[in-house]
Protein chains: 4
Amino acid sequence: MSYNTFGHMFRVTTFGESHGVAIGCVVDGCPPQIPITVEEIQRDLDRRRPGQSKFTTQRQEADRVKILSGVMDVDGRQVTTGTPIALLIENTDQRSKDYSEIKDKFRPGHADFTYEAKYGLRDYRGGGRSSARETATRVAAGAIARKVLPGLNVRAALVQMGPHKIDRANWDWNEVERNPFFCPDAVKAKFYEEYLDDIRKKGSSIGAVIEVVAEGVPAGLGAPIYGKLDSDLASAMMSINAVKGVEIGAGFHAAELHGEENADEMRMGNNGPTFLSNHAGGILGGISTGQAVVARFAVKPTSSILTPRKTIDKSGADTDISTKGRHDPCVGIRAVPVGEAMMACTIADHVLRHRGQVG
Amino acid sequence: MSYNTFGHMFRVTTFGESHGVAIGCVVDGCPPQIPITVEEIQRDLDRRRPGQSKFTTQRQEADRVKILSGVMDVDGRQVTTGTPIALLIENTDQRSKDYSEIKDKFRPGHADFTYEAKYGLRDYRGGGRSSARETATRVAAGAIARKVLPGLNVRAALVQMGPHKIDRANWDWNEVERNPFFCPDAVKAKFYEEYLDDIRKKGSSIGAVIEVVAEGVPAGLGAPIYGKLDSDLASAMMSINAVKGVEIGAGFHAAELHGEENADEMRMGNNGPTFLSNHAGGILGGISTGQAVVARFAVKPTSSILTPRKTIDKSGADTDISTKGRHDPCVGIRAVPVGEAMMACTIADHVLRHRGQVG
Amino acid sequence: MSYNTFGHMFRVTTFGESHGVAIGCVVDGCPPQIPITVEEIQRDLDRRRPGQSKFTTQRQEADRVKILSGVMDVDGRQVTTGTPIALLIENTDQRSKDYSEIKDKFRPGHADFTYEAKYGLRDYRGGGRSSARETATRVAAGAIARKVLPGLNVRAALVQMGPHKIDRANWDWNEVERNPFFCPDAVKAKFYEEYLDDIRKKGSSIGAVIEVVAEGVPAGLGAPIYGKLDSDLASAMMSINAVKGVEIGAGFHAAELHGEENADEMRMGNNGPTFLSNHAGGILGGISTGQAVVARFAVKPTSSILTPRKTIDKSGADTDISTKGRHDPCVGIRAVPVGEAMMACTIADHVLRHRGQVG
Amino acid sequence: MSYNTFGHMFRVTTFGESHGVAIGCVVDGCPPQIPITVEEIQRDLDRRRPGQSKFTTQRQEADRVKILSGVMDVDGRQVTTGTPIALLIENTDQRSKDYSEIKDKFRPGHADFTYEAKYGLRDYRGGGRSSARETATRVAAGAIARKVLPGLNVRAALVQMGPHKIDRANWDWNEVERNPFFCPDAVKAKFYEEYLDDIRKKGSSIGAVIEVVAEGVPAGLGAPIYGKLDSDLASAMMSINAVKGVEIGAGFHAAELHGEENADEMRMGNNGPTFLSNHAGGILGGISTGQAVVARFAVKPTSSILTPRKTIDKSGADTDISTKGRHDPCVGIRAVPVGEAMMACTIADHVLRHRGQVG
């Protein structure tokens, strides 16, 4: 049972609401003696932090992380001890806002109606538990996960906004940190600037596709049949707020391919087996091949928009709602570091699971 | 840890290799007093059984299921007892085939290389554990899962083969059982017949997209944050052999939508809240809305093809391989009942989980 | 995998070291709409708090608990929301003590050697993660667990100290709160006062036996075969620091009984089936009978004693060690509220699990 | 959730009723390339098999085990493949007995009433799922578990029958296989012969205490706080039918000891750290010390006895019941190999869990 826990051996349990006292997570099962500093975790958090450009919500959260446990000083180095690592981020921007508008109305596209249907109540302040704010704790946990497998390199990028895909010929990882969209195509990033600003000004929103690439993953990770690496990645990515689709390697495009085109041929290389292509996205039969693991996920447009939408209220009466205030015109942007974190956590978990069974 | 177990409260553990003594599963956690007969399970298995048309492998498996435990006669009715239900399917078509060709070579697109990389050995006979044969046990478990939630109706259909999508205006569920493709569009089914026969004759293969629809799912199922209904569905579908992508509702198309288009508006209906569209695929914030739950998954083309492909052997030498023998030109077809089974198992699990927490 | 998590549906994950920043826990899976206040949790914590008599460690911890998430105000009442409840207790009495003595020596009876053997390092400050301080978070979680099943009444008492058992004829639950030993026998409590004071003055320590009784548990809780209620209680009690034995009902005494003596006979009562005795401790076949659930556990003497003991240090040299400072002469005393908490958590978990499967 | 599954990484799922078609288990997560033959498994099963002396039930079950999956021939050796190992034992002695007597009456001390209370029905034939017959599958799984850790030696013995304890000075492991009681004390075994025969003839029964000892367990196994080795052993032993108490090392006797007596002192030996005693039973802080792991469990007397006992029937009427037929006068005897199996499975699980986290 894992309502708020992700992973089996490298386990992340998160807690906290958007406008509560604090959010945080407990990372359990992390190997001991891994060097980790609060600064490293903060660095990842800062990449996700809102309010860094006009293209993300203007909510001002310092998002300062504290390590409460599981890390100690050994000869001047901060290292993990093998016991649970608790991370805490206090909520500082809890405006005493007027929530009367959304308190009793269900915002279309949001989890308002479903939380109410499930629990009989909901924390309506800023989305409560269903707020994307929870993803900050994933990013914090991911910073630790990245260090479990030496040589692991997890990066992500926005590869599509609305119908506009990047030109893969322009892919430059360095470009990702140079624009506010985590976009690896400088030309398209330029285009997005105007495109998204227009959407933002209209109080509208747009969807996106994010690609996550993990390099340095050895062959052999993943545990068939129901612990497949791709199965767990699908679960990981789909658990991110607003995600509606996940694919591995060729993904949905594989449906259009013939067997000859899709199967990645092999040849012996200087450093072991090599593949001549990577339609598989680095995973065959649920187990990593040693190639880069490639996952992609689709993020729906932000549901908080200015245009009034039809809805009902808690009493069952028909009404309309429009959401004013601080919102991301494209939540897909801030999902980029979150996708990295989920990839890192999934791989860290499988490193430990594989080592456990196979040694 | 769930290498070969799916689900938390409604738990399915499967076992068996393609060419071993038997395959089977243990369904644990099933509520007591649910009427279930071996005939009902067999009926679902027969839909998946190979060799029923020229478009599926000609392997002849009777796939006769036996109930070993967990079901007893009460006043002439077979009902579950609440204890584990073990189901067994003996392998009858274990041809004493010559495996020398594939024993030492890694078939591109198959799990040969990765199983060997992980375990240091593999059961090369018919794919061993990674064979699609394992999915028969999922279908058997799914037959039980369907009965956990009264009123649940889970159906699936093939909606795309290669680049050829069905025309949704032609959708007729009755049509699904009338053609060998589980295709709801009679016109497209006619087209597929010639299209796939051509591929089959060439010894090639093609991918497909399957859509699974669950009706009768009440609002409130699904457990945020890491036990979201869509997260578990993504894991479930991605665990099916050859699946490379999963989407919910609008799925990847949601990336192209504006907030106004994507959010499903609400109005009060005669029987409670209604939605004016279903881009969400019946799930918001990881919790079911009461609308139909809609998932889609992409199946890659069968990797066993006649055209020789470059590969290496266990000694590390470059070589070529082509796969002769009985294979599905489009494995996506037989994935249709498997997708239904995974949907049913996921929902059954969430029914019990929800009832446990919320009552 | 549950290194630091207890329970399946009512899940408690704890974190924190004795002398770190804070300790705490995350309670996941708790049903929504359960009224709970920070004062109720504090009340239970205060019963366990050290320094309340000369018979417990003089460490001064305020043990003030904070609720970080999962509880909200609904019409003036604090209620659970169904999302994770995070509880935090800051460590305030972190004396800048000199740890050089125990930093490199393994204290016999403590977890020093084993943590070092497992992780290659250990937090030597006050026992780190293996400190009994962790049990404060269990008590906090237990305060919530108690409220999951209306009518549940969980109480515990010290029934033996050293070789001195209480006289069960004197059992008075009210007496438990009147002496510093949680002892239900006033006469024996009087005796313990002098007995333990003598042990304390000598810098020695002594073991104890605690009995936990849960009333108001309906028949039907517990899930055979490996989720038996008694199996989970055994695990729960044995997980408490210094516990070396657990028994249910007649326990080890059952080994001495004949079948005629042991089996609890039944008769029909006015309010349903009644039992004429309770050797079973309220559990048959792993499932509750509706009688009081009775568990007992043995606590070894505190390992921190004044008398020097032979040991080795990290370099492998033979040496001696004696522990000065603030320690409990009988850790069994403070285990009483912890035993209650573990009983409450186990039952809450099984209430949800039972409801999930059976409805 | 693990109703019928034991373990986390080395997972055993069992199924089957006493008088159903078959019983069996699925062992998941076992490392690959471990040599195991059906004969080795059968050998362990034969030790537990009933009907081998007049002191165990005369039920005649061949208990022939079949391996259905997960083991393959590699160069003439049977080895595990890393995929699930399914083991099947068909029920051959399903007498068409008249169950009308127990069908509607609840046998005191049995699980009849509680299964009925939980599930609303029960398989009354021979105890159904709650029959000790299920333990055969544990023994089969244990035979595999024993091989996971090279050098592991798990043995058990009956150390008390009724009030009669063995003389530990007489302990001889060789003696265990020479008498029908698995008793290591030849003198006491002689005594038990007459003692138990008398009980048997009277149609009565008696309890027992079993001790399980695991040698060759390295320091470092066990995962605090809720995955402690002793916590999991307590759960494992308490899950065995009729067990009412579990203790580790000094166990309940530790309650009577002073700190000076209880703490196991250390000295540096030629092959690393040594302990001068083993009150801890090889476990400190939930982690193995490298000493022998010692667990003891109490088995209640068989509830099926000839003397009529008061009970009620399903209609709620008062009645009497006495159990005729084939029963063990001391079920503790056959619990000896079961205790070994549970110890082996617990340790195998922790070997993999430890290796996973720490490497």
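Predicted model only: the values in this text are computed from it and were never measured. (Residues numbered from 1 in each chain as written. Chains lettered and ligands numbered in written order. Predicted model: local features only at pLDDT ≥ 70, side-chain atom pairs only at ≥ 80, totals over all residues. Heavy atoms only, no water.)

A word on the overall build of chain A. Within chain A one finds 8 helices and 18 strands. The C-alpha radius of gyration computed for chain A amounts to 21 Å, which stays within 12% of the reference 21 Å derived for 359 residues, consistent with globular compactness. Residues counted as buried form 68% of the 359 residues belonging to chain A. A total of about 11,200 Å² of accessible surface is found on chain A, and carbon and sulfur atoms cover 48% of it. On chain A, the mean spot of the 45 positive side-chain charges and the mean spot of the 44 negative ones are 4 Å from each other. (Helix = DSSP H or I, 4+ residues; strand = E, 2+ residues; numbered from the N terminus. Rg over C-alpha atoms; globule rule 2.2 N^0.38 Å. Buried < 20%, exposed > 50% of the residue type's maximum accessible area, 1.4 Å probe, protein only. Areas by Shrake-Rupley, 256 points an atom, 1.4 Å probe, with all protein chains shown as cover. Lys, Arg positive; Asp, Glu negative; His and termini not counted. Charge placed at Lys NZ, Arg CZ, Asp CG, Glu CD.)

It is worth spelling out the interface of chain B and chain D at this point. Listed by partner, the interface residues are 41 residues for chain B and 41 residues for chain D. The three residues of chain B that bury the most area against chain D are B:Leu68, B:Tyr119 and B:Leu121, which together make up 17% of that side's buried surface. At the junction of chain B and chain D, the tally comes to 0 salt bridges. Counting across the interface, chain B meets chain D through 8 residue pairs in polar contact (both at pLDDT 80 or more). For the side of chain B that touches chain D, the secondary structure elements donating two or more residues are strand E2 (11-15), strand E3 (22-28), strand E5 (71-74), strand E6 (77-80), strand E7 (85-90) and helix H3 (112-119) of chain B. For the side of chain B that touches chain D, the element with the most residues is E2(B), which contributes 4 residues. By residue class, the composition of the side of chain B that touches chain D is 20 nonpolar, 15 polar and 6 charged. (Contact = heavy atoms within 4.5 Å. Buried area = accessible area lost by both parts, 1.4 Å probe. Salt bridge = Lys/Arg side-chain N within 4 Å of Asp/Glu carboxyl O. Polar contact = N/O pair within 3.5 Å; in protein donor to acceptor, adjacent residues only side chain to side chain. Nonpolar A, V, L, I, M, F, W, Y, C, P; charged D, E, K, R; others polar.)

It is worth spelling out the environment of B:Ile283 at this point. One can find B:Ile283 in strand E14 (residues 283-284). By relative accessible area, which is 1% here, B:Ile283 ends up buried. On a C-alpha basis, the gap between B:Ile283 and B:Gly220 in space is 9.3 Å, while along the polypeptide they are 63 residues apart. Setting aside chain neighbours within four positions, we find B:Ile283 in contact with A:Lys244, B:Leu229, B:Asp230, B:Leu233, B:Ile248, B:Ser288, B:Thr289 and B:Val293.

So, about the sheet that holds strand E7 (residues 85-90) of chain A. All names here are of chain A. Taken in spatial order, the 5 strands line up as E1-E2-E3-E7-E4 in an open sheet, and their pairing is antiparallel. Every other strand in the sheet has two partners, leaving strand E1 (5-6) and strand E4 (65-67) as the edge strands with one partner each. Across 6 bridges, the pairing between strand E3 (residues 22-28) and E7 is antiparallel. Paired with Gly 24 across the strands is Leu 88, a residue of E7. Against the sheet, helix H4 (residues 135-145) touches strand E2 (11-15), E3 and E7, its axis set at about 30 degrees to E3. (Pairing = 2+ DSSP bridges. Axes fitted to C-alpha atoms, helices over the stretch in contact; angles between N-to-C directions.)

Below, the discussion takes up the sheet that holds strand E1 (residues 5-6) of chain B. Residues and elements named next belong to chain B. Strand order in this open sheet of 5 strands is E1-E2-E3-E7-E4, and the pairing throughout is antiparallel. The open sheet has two edge strands, E1 and strand E4 (65-67), and neither has a second partner. Two elements, E2 and E3, share 5 bridges in a ladder whose sense is antiparallel. Among the inter-strand pairings, Thr 14 is bridged to a residue of E3, identified as Cys 25.

Opposite the 107 residues of chain D that make contact, chain C presents 108 residues. Across the chain D-chain C interface, the total number found is 6 salt bridges. With a shortest N-O distance of 3.7 Å, C:Glu265 and D:Arg309 are connected by a salt bridge. Looking at side-chain class alone, the side of chain D that touches chain C contains 51 nonpolar, 36 polar and 20 charged residues. In this sheet, strand E11 (residues 243-248) of chain D lies alongside strand E11 (residues 243-248) of chain C in antiparallel orientation, the contact comprising 3 bridges. From the neighbouring strand, C:Glu247 faces E11(D), where its bridge partner is D:Gly245.

Moving on, we come to the side chain of A:Thr323. Position of A:Thr323 relative to the elements: it lies in the loop between strand E18 (318-321) and helix H8 (335-358). For A:Thr323, a relative accessible area of 13% corresponds to the buried category.

Residues and elements named next belong to chain A. Most of strand E8 (residues 153-161) is tucked away: 7 of the 9 residues are buried. Sheet analysis places E8 next to strand E10 (residues 208-215), joined by 8 bridges and oriented antiparallel. The residue bridging Arg 155 from the neighbouring strand is Val 213, located in E10. The turn linking E8 back onto strand E9 (residues 164-165) is made up of 2 residues, and Gly 162 within it adopts a positive phi angle of 55 degrees.

Let's shift gears to the relation of the copies chain B and chain D. The transformation that overlays chain B on chain D combines an axial shift of 0.0 Å with a rotation of 180 degrees, and the residual RMSD is 0.0 Å. Overall, the copies show the geometry of a two-fold rotation axis. Of the interface residues in chain B, 100% have counterparts in chain D that sit at the interface too, so the contact is made through matching surfaces. (Least-squares fit on C-alpha atoms with pLDDT ≥ 70 in both.)

For the coordinates displayed, the defined rule picks out 38 aromatic pairs over all chains. Their ring planes at 50 degrees and their centres at 5.9 Å tell us that C:Phe6 and D:Tyr226 sit as a pair that is tilted. In this pair, C:Phe6 sits in strand E1 (residues 5-6) while D:Tyr226 sits in the loop between strand E10 (208-215) and helix H6 (229-238), so the two residues belong to two different chains. The interplanar angle of 80 degrees and the centroid separation of 5.9 Å between the aromatic rings of D:Phe181 and D:Tyr192 together place this pair among those described as edge-to-face. Within this pair, whereas D:Phe181 is found in the loop between strand E9 (164-165) and helix H5 (186-201), its partner D:Tyr192 is found in helix H5, the two being separated by 11 residues in sequence. For the residue pair D:Phe181 and D:Tyr192, the accessibility class agrees, reading buried in each case. (Phe/Tyr/Trp six-rings, centres within 6.5 Å; stacked < 30°, edge-to-face > 60°.)

The next subject is helix H7 (residues 229-238) of chain B. Of all 10 residues in H7(B), 10 are buried, a share of seventy percent or more. For H7(B), the complete set of buried residues consists of B:Leu229, B:Asp230, B:Ser231, B:Asp232, B:Leu233, B:Ala234, B:Ser235, B:Ala236, B:Met237 and B:Met238.

Here we take up the state of the cysteines. A covalent bond between the sulfur atoms of two cysteines is referred to as a disulfide. All names here are of chain C. Counted under the stated rule, the structure contains 0 disulfides over all chains. Looking at Cys 30, it has no disulfide partner, and the nearest cysteine sulfur is the one in Cys 345, 10 Å off. The exposure class of Cys 30 is buried, given its relative accessible area of 0%. Cysteine Cys 345 remains unbridged, with the sulfur of Cys 25 as its closest cysteine sulfur at 8.4 Å. (Disulfide = S-S within 2.5 Å.)

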